Amino acid sequence: SPHSGDGETPLLLINVYDSPSHSSYKRRKAGNQTSVTESILNLLLNHHHTEIFLCGDMNARTRTLNHELVESSPEHEDQQRSHQTTSDQTRSSKDMRQADARGKHFMDLLASMNATLLNGNCVGDITGEYTCIKYNGSSVVDYTAVTTGLHAMIKSYQVLDLNVFSDHRPCLT
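Residues numbered from 1 in each chain as written. Predicted model: local features only at pLDDT ≥ 70, side-chain atom pairs only at ≥ 80, totals over all residues. Heavy atoms only, no water.

(A) Local environment of the layout of surface pockets. Empty space within the second largest pocket amounts to approximately 500 Å³. His22, Asn59, Arg61, Arg97 and Val141 are the residues nearest the centre of the second largest pocket, which is lined by 19 residues in total. Sorting the residues of the lining of the second largest pocket by element identifies strand E6 (132-134) and strand E7 (137-139) as the ones contributing at least two each. The biggest single contributor to the lining of the second largest pocket is E7, with 3 residues. Residue classes in the lining of the second largest pocket are distributed as 5 nonpolar, 8 polar and 6 charged. (1 Å grid on protein atoms, 1.4 Å probe; cavity = no way out; pocket = protein on both sides within 12 Å on 5 of 7 lines; lining within 4 Å. Points joined across faces, edges and corners; volume = space filled by probe spheres on them. Helix = DSSP H or I, 4+ residues; strand = E, 2+ residues; numbered from the N terminus. Nonpolar A, V, L, I, M, F, W, Y, C, P; charged D, E, K, R; others polar.)

(B) Structural detail: the packing of helix H2 (residues 36-44) against helix H4 (residues 101-113). The interhelical angle for the contact between H2 and H4, taken along N-to-C directions, is 10°, at an axis separation of 11 Å. Here H2 is positioned roughly parallel relative to H4, judged by the angle of their axes. For the pair formed by H2 and H4, the contact residues are Thr37, Ile40, Leu41 and Leu44 on the first element and Leu109, Ser112 and Met113 on the second. (Axes fitted to C-alpha atoms, helices over the stretch in contact; angles between N-to-C directions. Parallel < 35°, antiparallel > 145°, perpendicular 65-115°, else oblique. Contact = heavy atoms within 4.5 Å.)

(C) Summary view of the pairing of strand E3 (residues 11-17). The two faces of E3 differ: Leu12, Ile14 and Val16 on one face are buried, but Leu11, Leu13, Asn15 and Tyr17 on the other face are not. In this sheet, strand E4 (residues 51-57) lies alongside E3 in parallel orientation, the contact comprising 7 bridges. Counterpart to Leu11 in the pairing with E4 is Glu51. (Buried < 20%, exposed > 50% of the residue type's maximum accessible area, 1.4 Å probe, protein only. Pairing = 2+ DSSP bridges.)

(D) Examining the pattern of salt bridges more closely. Counting across every chain of the model gives 5 salt bridges. Lys94 is paired through a salt bridge with Glu129; the nearest N and O atoms lie 2.9 Å apart. One end of the pair, Lys94, is in the loop between helix H3 (77-82) and H4; the other, Glu129, is in the loop between strand E5 (115-117) and E6, with 35 residues separating them in the sequence. Of the charged contacts in the structure, one is a salt bridge between Asp167 and Lys134, with a shortest N-O distance of 3.3 Å. Within this pair, whereas Asp167 is found in the loop between strand E9 (158-159) and strand E10 (171-172), its partner Lys134 is found in strand E6, the two being separated by 33 residues in sequence. Relative accessible area serves as the criterion here: at 28%, Asp167 is assigned to the partly exposed category. We classify Lys134 as partly exposed; its relative accessible area is 39%. Overlapping salt bridges bring together Lys94, Glu129 and Arg169 as one network. (Salt bridge = Lys/Arg side-chain N within 4 Å of Asp/Glu carboxyl O.)

(E) Examining the sheet that holds E3 more closely. One open sheet accounts for 4 strands, arranged E3-E4-E8-E5; its pairing is mixed. Looking at the sheet topology across the chains shown, the edges are occupied by E3 and E5. Strand-to-strand twist of the sheet, defined as the mean angle between neighbouring strand axes without regard to direction, takes the value 20°. Two elements, E5 and strand E8 (residues 142-147), share 3 bridges in a ladder whose sense is antiparallel. Among the inter-strand pairings, Ala115 is bridged to a residue of E8, identified as Thr147. Sheet contacts for H4: E4, E5 and E8; angle to E5, the most-contacted strand, approximately 135°.

(F) Main features of H2. Turning to H2, its buried residues are Val36, Ile40 and Leu44. Down the axis of H2, the smallest arc covering the buried residues is 75°, so these residues share one side. Tucked into the core, H2 has its buried residues touching E3, E4 and H4. (Arc of directions from axis to C-beta.)

(G) How the structure looks around the side chain of Asp95. Note that Asp95 resides in the loop between H3 and H4. Within the structure, Asp95 has its side chain in polar contact with the backbone nitrogen of Arg97 (distance 3.1 Å). Not counting residues up to four positions away in its chain, the partners in contact with Asp95 are Arg61, Arg63, Tyr130, Ser139 and Val140. (Polar contact = N/O pair within 3.5 Å; in protein donor to acceptor, adjacent residues only side chain to side chain.)

Below, the structure written as structure tokens:
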């Protein structure tokens, strides 16, 4: 639990794998499944006033989109709820492929959680390193996002070198 000024705040760690839109799994389950975004939102319904650490393979392209954190206070609550937009050029990314619909949905999810990406937005990864290296190209599809209280505690974020176990690069916070 992260410490706040008046005690401890619960921490919710969410690890995600969202298979690619064109995968055979998605085709088989079309129409019969809750989206990853909906599942996360349902999980959050029961975890108010919780710091959130969300990471994983979202198979989403976001380019340089990000959500700017809004300080948590009673006077900002209405602003926080209504702020569902994302801004461009607020972080770096080596992946210059256009943001896709899934990436924009992911950014809306982060805005609803008042979370921001560490990828390309934190000491140690100021260039927005590729997280997935495949024979047909590289991409940033693996993300780490945190809410306000955790963001203040993060000193650095690094995308590490590939290893023999995966074509996705491990990340260190």
